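Now for the letters of each chain:
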Amino acid sequence: KKTPKEQIDQKKQKQQKMDPSSQLLQHLCNSIERFSNDTHYRLDRIESVLVTLSQITSSSQQNSILPSISSNESEFVKRPNLHLKVSEVPKKWYTRRTIPEIEVLVIDSDTGEIFTETKAWQFGVRLISGHQVYVDHFLGNPPLLFEVTNGKAHLSGFKIHAVSSRNGGHFRFEITTKIPPVDPYYYQHDNKLQIFTNDFQVLSERVITDRKAESTLDLSSNDCLSRIPGIGKKYALKFHTQGLKTIKDLAAIDCSNNGRQQRLHLLALIRKERGALTESKFIELLKDAKAIVQREEEGEEEGEEEDDDDEKKKKKKKSKKSKKSKHDDEEEEK
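The present account deals with the structure reproduced in this document. Keep in mind that this is a model prediction, so the values were computed, not measured.

Thresholds applied
Residues numbered from 1 in each chain as written. Predicted model: local features only at pLDDT ≥ 70, side-chain atom pairs only at ≥ 80, totals over all residues. Heavy atoms only, no water. Core = buried A, V, L, I, M, F, W, Y, C linked by side-chain atoms within 4.5 Å. Buried < 20%, exposed > 50% of the residue type's maximum accessible area, 1.4 Å probe, protein only. Helix = DSSP H or I, 4+ residues; strand = E, 2+ residues; numbered from the N terminus. Contact = heavy atoms within 4.5 Å. Phe/Tyr/Trp six-rings, centres within 6.5 Å; stacked < 30°, edge-to-face > 60°. Lys NZ or Arg CZ within 6 Å of the ring centre and 35° of its normal. Pairing = 2+ DSSP bridges. Axes fitted to C-alpha atoms, helices over the stretch in contact; angles between N-to-C directions. Salt bridge = Lys/Arg side-chain N within 4 Å of Asp/Glu carboxyl O. Arc of directions from axis to C-beta.

Our next topic: the nonpolar core. Membership of the largest hydrophobic core comes to 30 residues, with the highest contact counts inside it found for Val106, Leu127, Leu155, Ile160, Phe173 and Phe200. Those elements giving two or more residues to this core turn out to be β1 (82-86), β3 (102-108), β4 (122-129), β6 (152-155) and β7 (171-178). Once residues within four sequence positions are removed from consideration, Ile160 is found in contact with Thr95, Arg96, Ile99, Leu127, Phe138, Leu139, Phe171, Phe173, Phe200 and Val202. Core analysis: the next-biggest nonpolar cluster, separate from the first, contains 22 residues, Phe239, Leu277, Ile292 and Val293 among them.

See the structure below:
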């Protein structure tokens, strides 16, 4: 008899003598044999597990350890057909400003009433750009989960720190329900509700503070010079370096012939080499500034006169009442 080592050596010698195609065929046969043995073993194991499971279920139903599963659908808690309703977000908003409160309701589609069985429910909020990408980092650090009480939730505290023009032209909020596993409706096939707000634009805050006035009637004495039509940012910056920040400062410059030398010196410091701000335009600008300041002063004087008239009327009414009261007292005494 040959030893096991001699048998292995003999097999190796036979394999070496075989051609490559026969070696490949022998290798395939061996792998198929191993696979079949493995599948037979797995099938035997699955069969044994199924037998034990059937024994456990039969014994549990007899001893009432586990609840019996019935095919009657009436025994299961069925959630009504629900949908979400969200209030409209302003179509145009500005950065660094808190967006107005958003109200979200859970509505029963069959009755049209608010679904109030929302204990421990939450709404999750995410921000979507016009490129259909989540951009929650533009919201800063607000609470992105809100509790739902009696089918209602008020979402607030959002400030968007980016403009929509660089993010696809608009933003919108995605609102989804977060139902806890304790809820009896959690294990329904439709355990999440979702809704999107309307698209809205977010503009820069500077659009409000630095926007141009349509005419001088829209300007006040404390407005920045960059709001004046015809004055750009560069000219406003040059005025600012000369100590002229507001329209009131500009109105203090003398626009008569006596102050021409001083005015020309200031214009030479401000004006570009081929700038459009000529002396005549500069004088018109000064006159407009003076007219704005004068208009405000006249308005204040008129307001003071109206206040004085009101006080006089009140005094007359008081004097009439006092006279009537005295006359009534005299009649009572008589």
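Next up on the list: the packing of aromatic side chains. Evaluation of the coordinates by the stated rule reveals 7 aromatic pairs. Summarising the aromatic geometry, the rings of Phe146 and Phe158 are spaced 5.9 Å apart at their centres and angled 65 degrees between planes, so their arrangement reads as edge-to-face. Here Phe146 is found in strand β5 (residues 145-147), whereas its partner Phe158 is found in the loop between β6 and β7, with 12 residues between them in sequence. Residues Phe239 and Phe282 carry aromatic rings whose centres are separated by 6.3 Å and whose planes lie at 25 degrees to one another, so their mutual orientation is stacked. Placement of Phe239 in helix α4 (residues 233-241) and of Phe282 in helix α7 (residues 279-333) is noted, with a sequence separation of 43 residues between them. Taking relative accessible area as the criterion, Phe282 reaches 1% and is therefore assigned buried. Chaining the aromatic ring pairs together yields one cluster made of Phe138, Phe146, Phe158, Phe171, Phe173 and Phe200. In this structure, Arg126 packs its charged tip against the face of Tyr134, placed 3.7 Å from the ring centre. Over the face of the ring belonging to Phe196 we find Arg172, whose NZ or CZ atom lies 4.6 Å from the ring centre.

This part covers the pairing of β7. Where burial is concerned, most of β7 is hidden: 6 out of the 8 residues are buried. As paired elements, β4 and β7 share 8 bridges and run antiparallel to each other. Following the sheet pairing, Arg126 is matched in β7 by Glu174. Where β7 lies against strand β8 (residues 194-196), 3 bridges are found, and the strand directions are antiparallel. Paired with Ile175 across the bridge in β8 is Ile195.

Our next topic: the sheet that holds β6. Strands sit in the order β1-β3-β6 across an open sheet of 3 strands; the sheet is antiparallel. Each edge of the open sheet is held by one strand with a lone partner, namely β1 and β6. The sheet shows a mean angle of 20 degrees between the axes of neighbouring strands, taken without regard to direction.

Let us look at the environment of Leu225. The topology assignment puts Leu225 in the loop between α3 (206-209) and α4. Expressed as a C-alpha distance, the spacing of Leu225 and Lys245, which sit 20 residues apart in the sequence, is 6.4 Å. Not counting the four nearest positions on each side in its chain, Leu225 is found in contact with Ile231, Phe239, Leu244, Lys245, Thr246, Ile247 and Leu250.

Our next topic: the side chain of Asp108. Of note, Asp108 is situated in strand β3. When sequence neighbours within four positions are dropped, the list of residues in contact with Asp108 reads Pro80, Asn81, Leu82, Glu113 and Phe115.

Overall, antiparallel pairing links the 4 strands, which are arranged β5-β4-β7-β8 in an open sheet. Edge positions in the open sheet fall to β5 and β8, since each of these has one partner strand only. When the angles between neighbouring strand axes are averaged without regard to direction, this sheet yields 25 degrees. As defined by bridge partners, β4 adjoins β5 across 3 bridges and the pair is classed as antiparallel. Each bridged residue has a counterpart across the sheet, and for Gly124 the counterpart in β5 is Leu145.

The subject of this paragraph is the pattern of salt bridges. As enumerated under the stated definition, the model contains 3 salt bridges in all. In this structure, Arg126 and Asp136 form a salt bridge, with 2.9 Å as the shortest nitrogen-oxygen distance. Taken together, the positions of Arg126 in strand β4 and Asp136 in the loop between β4 and β5 put the pair 10 residues apart, joining distant regions of the chain. Taking relative accessible area as the criterion, Asp136 reaches 19% and is therefore assigned buried.

A few words now on helix α6 (residues 260-270). Along α6, the residues classified as buried are Arg263, Leu266, Leu267 and Ile270. Burial along α6 is one-sided: seen end-on, the buried residues are contained in an arc of 100 degrees. Exposed and oriented more than 90 degrees from the buried face of α6 are Gln261, His265 and Ala268.

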